[in-house]
Amino acid sequence: MQPLGFTSIPPLLKYLRHAEQLGVAITPALDASGLRAEQLNDNTLRVPNEAHERLLEHLCQASGDPLFGLHSARYVLPNSWSVLGYITMNCATLGEAMSRIEPFEKLVGDMGTSRIEAGADHVRLAWDCRHQPPQVRRHMIESVLASWMLYARWIADTQVSPGAVWLEHPLPAGTRLEQYEDFFGCPVLFGQPCSALLVPLAYLQLPLRQADPNLLRTLEEHALGLMAELVDAPLPLRVKNALRQLLKDGLPRKERVAEQFAMTVRTLQRQLQQAGTSYQQILDDLRQELAEHYLRHSDLPIQDIAQYLGFTEPRSF
């Protein structure tokens, strides 16, 4: 079995804040998870995901709160997602903020992966949890979806709710459907194909109250640098992040990318092939992703977008 990876410290803090409000002793919880109190002050620290599991399991049992994961979302803060939280806070619209989750979520940890799927009148913001123990998985999923909703309300300065919430697990014993629907403010459906928020398309245009494009660019450059340093990230992802940084200076050469990983071009191509992709495929996918993003979420002229993405003529773009 492969290791679960890591969790950064910030996502754990909302569990501890909720536990403290319930009167749960924190020291035994940290002992059970193998964490030390001083580690909680280091937002750059990464701890094994097994510690995340043990901490959440202990707190759920000690608190007696059958909705511990859901209720812990009330303590979410911008730094709960490390630099990703500040990136989303400085986007122009809610849709733009949502589009930043998938590229940068690994900075928060390996707890799961997000994806956005388009529907006729909504987008489905889904989260696939990597953790398997049923109770831990359930609380983690509920905490993530609830945190997304509450944080979106805060950065957009609105009290809107999703069109619906999907949860993959059945309604937990000892809970009632009304508790979930009162919390989310919308229908909550259990036993679904995935766990997701169904977001009406109109919500994507909601302006955010603290949008700052200059700070956003600075934060994204910082985040890309951090992503490139994640040695446990798959090589295709690290190459993609390196290309994101290099594209701002023009279409990068393979040699320059290979140098960043202390490889020859031939070694880089061979290792990417072993991972089931290629340099050109990663570059093409990234250019398409960025093109769709700028066309949907910016007022830049097509000529400027084409030039940024390395097309010599707008017609080619």
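The present account deals with the structure reproduced in this document.

So, how was this worked out
Residues numbered from 1 in each chain as written. Predicted model: local features only at pLDDT ≥ 70, side-chain atom pairs only at ≥ 80, totals over all residues. Heavy atoms only, no water. Helix = DSSP H or I, 4+ residues; strand = E, 2+ residues; numbered from the N terminus. Buried < 20%, exposed > 50% of the residue type's maximum accessible area, 1.4 Å probe, protein only. Contact = heavy atoms within 4.5 Å. 1 Å grid on protein atoms, 1.4 Å probe; cavity = no way out; pocket = protein on both sides within 12 Å on 5 of 7 lines; lining within 4 Å. Points joined across faces, edges and corners; volume = space filled by probe spheres on them. Disulfide = S-S within 2.5 Å. Salt bridge = Lys/Arg side-chain N within 4 Å of Asp/Glu carboxyl O. Phe/Tyr/Trp six-rings, centres within 6.5 Å; stacked < 30°, edge-to-face > 60°. Lys NZ or Arg CZ within 6 Å of the ring centre and 35° of its normal.

1. Some thoughts on the environment of Asp65
Along the chain, Asp65 falls in the loop between α3 (49-63) and α4 (68-72). Taking relative accessible area as the criterion, Asp65 reaches 12% and is therefore assigned buried. A sequence separation of 43 residues divides Asp65 from Leu22, and the C-alpha atoms of the two residues are 8.8 Å apart. Apart from residues no more than four positions distant in its own chain, Asp65 is found in contact with His18, Leu22, Cys60, His71 and His139.

2. Let's talk about empty space enclosed by the protein
Throughout the structure, instances matching the rule amount to one cavity of 30 Å³ or more. Considering only enclosed or pocket space, the largest cavity measures out at about 560 Å³ in volume. Around the largest cavity, the lining is made up of 37 residues, and of these Trp81, Ile101, Val144, Ser147 and Trp148 lie nearest the centre. For the lining of the largest cavity, the secondary-structure elements that each account for two or more residues are α1 (10-21), α5 (83-89), α6 (94-99), β3 (112-118), β4 (122-129), α8 (134-156) and β7 (196-200).

3. As for the state of the cysteines
All told, the structure shown has zero disulfides when counted by the stated rule. Cysteine Cys129 remains unbridged, with the sulfur of Cys60 as its closest cysteine sulfur at 12 Å. We classify Cys129 as buried; its relative accessible area is 6%. There is no disulfide at Cys186, and the cysteine sulfur nearest it, in Cys194, is 14 Å away.

4. Here's the deal with the pattern of salt bridges
All told, the structure shown has eleven salt bridges when counted by the stated rule. A salt bridge links Glu117 to Arg115, with the shortest nitrogen-to-oxygen separation between them at 2.6 Å. For Glu117, a relative accessible area of 22% gives the class partly exposed. In this structure, Glu255 and Arg253 form a salt bridge, with 3.4 Å as the shortest nitrogen-oxygen distance. You can call Glu255 partly exposed: its relative accessible area is 35%. Taking the relative accessible area as the measure of exposure, Arg253 reaches 54% and is therefore exposed.

5. Describing the packing of aromatic side chains
If you walk through the whole model with that rule in mind, you get five aromatic pairs. Between the aromatic rings of Tyr180 and Phe190, the centroid separation amounts to 5.0 Å while the plane-to-plane angle is 85°, which identifies the pairing as edge-to-face. Of the two residues, Tyr180 sits in helix α9 (residues 177-184) while Phe190 sits in the loop between β6 (188-189) and β7, which places them ten residues apart along the sequence. Just as Tyr180 is buried, Phe190 falls in that class too. Of the aromatic side chains, those joined through ring pairs into one cluster are Trp81, Tyr151 and Trp154. Note that Lys14 overlies the ring of Tyr15, its terminal NZ or CZ placed 4.9 Å from the centroid. The ring of Phe6 carries Arg46 above its face, with NZ or CZ at 4.5 Å from the centroid.

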